Every structure is written in C-alpha cells, then in structure tokens.
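Chains, contacts and geometry: an overview
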Amino acid sequence: MSEKEGWDLMADTPCSLLGLVTVYEFKNLKAYHEYWWKEEKIDFRGKLSEEKPLYTSVISQ
C-alpha cells in the first residue's frame, strides 16, 4: 500500500504497486472517477509496425 498526495494506492505485489504509481503519475489526476487507470479513445491503427522485429533466440546463441 502506498499513499501519494491523498490517494491510497494498493496492489498485490511490489511490482504491481510500482506500475500503479507510475500510471497514477502519468495520468496526473485531479479528481477520482471509476476506472481512472483506463485510457479511453486510443487508436493504435497506423501506429504499429507491420514488420517483424529481428529476434535471435537465446537457445540459438
């Protein structure tokens, strides 16, 4: 559990809590509303690469 600027943030693991605090800081919230962590109206079409990334498996090395 963490408290920041009057907001109580709670998660099951330390990594989850760190992620939640990061989302909170990114959103820069001024007031509470349900599902405040969700990002609405994001359109990823045209923003994602069509090319397969170069990848070499650890097993092959």
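A short tour of the structure in this document, coming up. (Residues numbered from 1 in each chain as written. Predicted model: local features only at pLDDT ≥ 70, side-chain atom pairs only at ≥ 80, totals over all residues. Heavy atoms only, no water.)

Side note on the packing of aromatic side chains
Enumeration over the complete set of coordinates arrives at one aromatic pair. Aromatic side chains Trp7 and Tyr24 sit 5.4 Å apart centroid to centroid with 50° between the ring planes, which places their arrangement in the tilted category. Separated by 17 residues along the polypeptide, Trp7 in strand β2 (residues 7–9) and Tyr24 in helix α1 (residues 14–27) bring together distant segments of the chain. (Phe/Tyr/Trp six-rings, centres within 6.5 Å; stacked < 30°, edge-to-face > 60°. Helix = DSSP H or I, 4+ residues; strand = E, 2+ residues; numbered from the N terminus.)

Focus: the nonpolar core
By size, the foremost hydrophobic cluster in this structure holds seven residues: Trp7, Leu9, Leu17, Val21, Tyr24, Leu29 and Trp36. If you list the elements that add at least two residues to this core, you get β2 and α1. Top contributing element to this core by residue count: α1, with three residues. When residues no more than four places from it in sequence are discounted, the contact partners of Leu9 are Met1, Ser2, Leu17, Leu20, Val21, Tyr24 and Trp36. (Core = buried A, V, L, I, M, F, W, Y, C linked by side-chain atoms within 4.5 Å. Buried < 20%, exposed > 50% of the residue type's maximum accessible area, 1.4 Å probe, protein only. Contact = heavy atoms within 4.5 Å.)

Digging into α1
In this model, α1 (14 residues) spans 20 Å end to end at C-alpha, consistent with the 20 Å of a helix rising 1.5 Å per residue. The complete set of buried residues in α1 reads Leu17, Val21 and Tyr24. Buried residues of α1, viewed axially, fall in a sector of 60°; they line one side. Away from the buried face of α1 by more than 90 degrees, exposed residues Cys15, Leu18 and Phe26 are located. In the core, the buried residues of α1 are packed alongside β1 (2–4) and β2. Downstream of α1 by a residue or two, Asn28 has a phi angle that is positive, lying close to 50°. (Expected span 1.5 Å × (residues − 1). Arc of directions from axis to C-beta.)

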